Amino acid sequence: MKEINTQKANHVNKNKSNHQQRPVVKKTQHANKSVVKKIKHSNKPAIKKIQQANKPVVKKIQHEKKPVEDTAQIKSAEEVERPKVRYITIDNEDAGQRIDNFLLRTLKGVPKSHLYRLMRKGEIRVNKKRIKPVYKLAINDEVRIAPIRVSEQKDAVSTGLSIVANLEKQILFEDDRLIVINKPSGMAVHGGSGLSFGLIEALRALRPEARMLELVHRLDRDTSGCLLVAKKRSALRSLHEQFRDKNVQKFYHALVKGHWPTKLTRVTEALKKNDLKSGERVVVVDNQHGKESETRFRVLERYRGATLVRAFPVTGRTHQIRVHCQTSGHCIAMDAKYGHEDFDEQMKSKGLKRLFLHAASIEFTHPVTEQRMKIEAPLEASLERLLSKLVKE
């Protein structure tokens, strides 16, 4: 009971105290309002100042950290990619060629004008001496090449492309000196004129370890068959010399319009190259101003309305076999430049989709063994199928 009374008494006292303090509370609340307002009002700029002061600090910290990381990455990348001075000792393979040609082959991707400028400045020297672009290298010459950043090839040839991968199957002969390949029709021997790559660029992609791969001669884009590629400079020199001395024999197979006369075994019309405004190159017969040319022919098989002939070009003029066939009245099947429209339509109806000109064989002397070699390239399957559809006479 005392507890109850005490509680009641306390409750009453509390009520009294609360009642008595209410106006005081109001006053303090009223008094505090202005104080609170002042504090809030006075604190707002302070908080803003702190936030404003902190913001740049945060930005600076973030900005400062990034360059630290980037600098480390740049430094490590530069250490890997930074070009260095190169010293090359000339061996028997590279001796005898001009320094500018050697540099163009060695430093692929560097413009010729830049190489000439480096030679003028003395950044490229031979045996510690300044040299001119016409200087011919000798055995044991030491070539000093200043640090040069070679431009990366953006459009590198991918070995995953089917046209590139299939070239491996077309190799007819290969050793440490040369390659003989059966070039597909429709593939240029080298890139350029809108082509990202040609056969030689594709071969270099397939043989990345090869120090050198250079074309010994050329074939028209639409012509298939034997093509020589040198893997050593000594082999290139030897084969070029054989071509100049006419010690290399190339035999072509061509399907021509009509009945080729048996007695027509030699065509000697002079040929002249004409470059049209469109950039297209066309060869015409011009016995007055043209270059002396000779092609020898032999009939291999006669068909109804067509003849399979073997052509041996004694000289090596542009489009020589094609123009000599045209001027003789027997155009090669599916020749877009020098062909016969009606004959081409007949062959197209039988499934022919390409120029019927094939470098069937090549004969030369091996640069090292000095053995006489003859390499033969089989006809493409599409050409064999066409011949099987023709009626023999």
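As the structure is a computational prediction, the values presented were derived from the model and not from experiment.

### Quick notes on the packing of helix H2 (residues 99–106) against helix H3 (residues 112–121)
Interhelical geometry of H2 versus H3 gives an angle of 125° and a closest axis separation of 10 Å. In terms of orientation, H2 lies oblique with respect to H3. Crossing geometry of H2 relative to H3 is assigned as right-handed. Of H3, the residues touching H2 (which contributes Ile 99, Asp 100, Leu 103 and Leu 104) are Lys 112, Leu 115, Tyr 116 and Met 119. Classifying every residue of the contact of H2 with H3 by side-chain character gives 6 nonpolar, no polar and 2 charged.

### Regarding the confidence of the model for the chain
Residues at a pLDDT of 70 or more form 73% of the chain, whose mean pLDDT is 81. Note on residues 1–54: pLDDT is under 50 here. Beyond four places in sequence and across chains, it has 3 contacts. When the criterion is pLDDT under 50, residues 56–69 qualifies, and its contacts beyond four places in sequence or with other chains add up to 0 contacts.

### Some words on helix H7 (residues 320–327)
Burial runs high along H7: 6 of the 8 residues are buried. Of all the positions in H7, only Gln 320, Ile 321, Arg 322, Val 323, His 324 and Cys 325 are classed as buried. Immediately beyond the C-terminal end of H7, within one or two residues, lies Gly 329, with a positive phi of roughly 90°.

### What to know about the nonpolar core
In summary, soluble globular proteins display a tendency toward joint burial of nonpolar side chains. Counting 32 residues, the largest nonpolar core has Ile 181, Phe 297, Ile 321 and Ile 332 as the members making the most contacts within it. Taken together, the elements giving at least two residues each to this core come down to strand S6 (178–183), helix H5 (199–206), strand S8 (224–230), strand S9 (249–257), strand S14 (306–313), H7 and strand S15 (357–365). Tallying contributions element by element places H5 first for this core, with 5 residues. If we skip the residues at most four places from it in the chain, Ile 181 touches Leu 167, Gln 170, Ile 171, Leu 172, Leu 199, Leu 203, Gly 225, Cys 226 and Leu 227. Leu 115, Leu 118, Leu 137 and Val 143 belong to the second-largest nonpolar core, a separate cluster that totals 18 residues.

### Here we look at the packing of aromatic side chains
Using the criterion set out here, one finds 2 aromatic pairs in the structure. With a centroid separation of 4.5 Å and an interplanar angle of 45°, the aromatic rings of Trp 260 and Phe 297 are classed as tilted. With Trp 260 in the loop between S9 and strand S10 (266–267) and Phe 297 in strand S13 (residues 295–303), this pair connects stretches of sequence that are 37 residues apart. The residues Trp 260 and Phe 297 share a single accessibility class, namely buried.

### A few points about the pattern of salt bridges
Considering all chains together, one arrives at 15 salt bridges under this definition. With a closest N to O distance of 3.0 Å, Lys 231 and Glu 174 form a salt bridge. With Lys 231 in the loop between S8 and helix H6 (233–244) and Glu 174 in strand S5 (residues 171–174), this residue pair connects regions lying 57 residues apart in the sequence. On the basis of relative accessibility, which here comes to 18%, the residue Lys 231 falls in the buried class. In the salt-bridge network here, residues are joined through shared partners; they are Glu 168, Glu 174, Arg 207 and Lys 231.

### Observations regarding unusual backbone geometry
Even without being glycine, His 319 reaches a positive phi, approximately 55°. Within the secondary structure, His 319 sits in the loop between S14 and H7. Note on His 319: relative accessible area 11%, which makes it buried. In this structure, Glu 370 is a non-glycine residue whose phi angle is positive, near 65°. Examined against the element boundaries, Glu 370 turns out to sit in the loop between S15 and strand S16 (372–376). In this structure Glu 370 comes out as exposed when scored by relative accessible area, which is 64%.

Criteria and thresholds
Residues numbered from 1 in each chain as written. Predicted model: local features only at pLDDT ≥ 70, side-chain atom pairs only at ≥ 80, totals over all residues. Heavy atoms only, no water. Axes fitted to C-alpha atoms, helices over the stretch in contact; angles between N-to-C directions. Helix = DSSP H or I, 4+ residues; strand = E, 2+ residues; numbered from the N terminus. Parallel < 35°, antiparallel > 145°, perpendicular 65-115°, else oblique. Left-handed = near helix turned anticlockwise from the far one by under 90°. Contact = heavy atoms within 4.5 Å. Nonpolar A, V, L, I, M, F, W, Y, C, P; charged D, E, K, R; others polar. pLDDT = per-residue confidence, 0-100. Buried < 20%, exposed > 50% of the residue type's maximum accessible area, 1.4 Å probe, protein only. Core = buried A, V, L, I, M, F, W, Y, C linked by side-chain atoms within 4.5 Å. Phe/Tyr/Trp six-rings, centres within 6.5 Å; stacked < 30°, edge-to-face > 60°. Salt bridge = Lys/Arg side-chain N within 4 Å of Asp/Glu carboxyl O.

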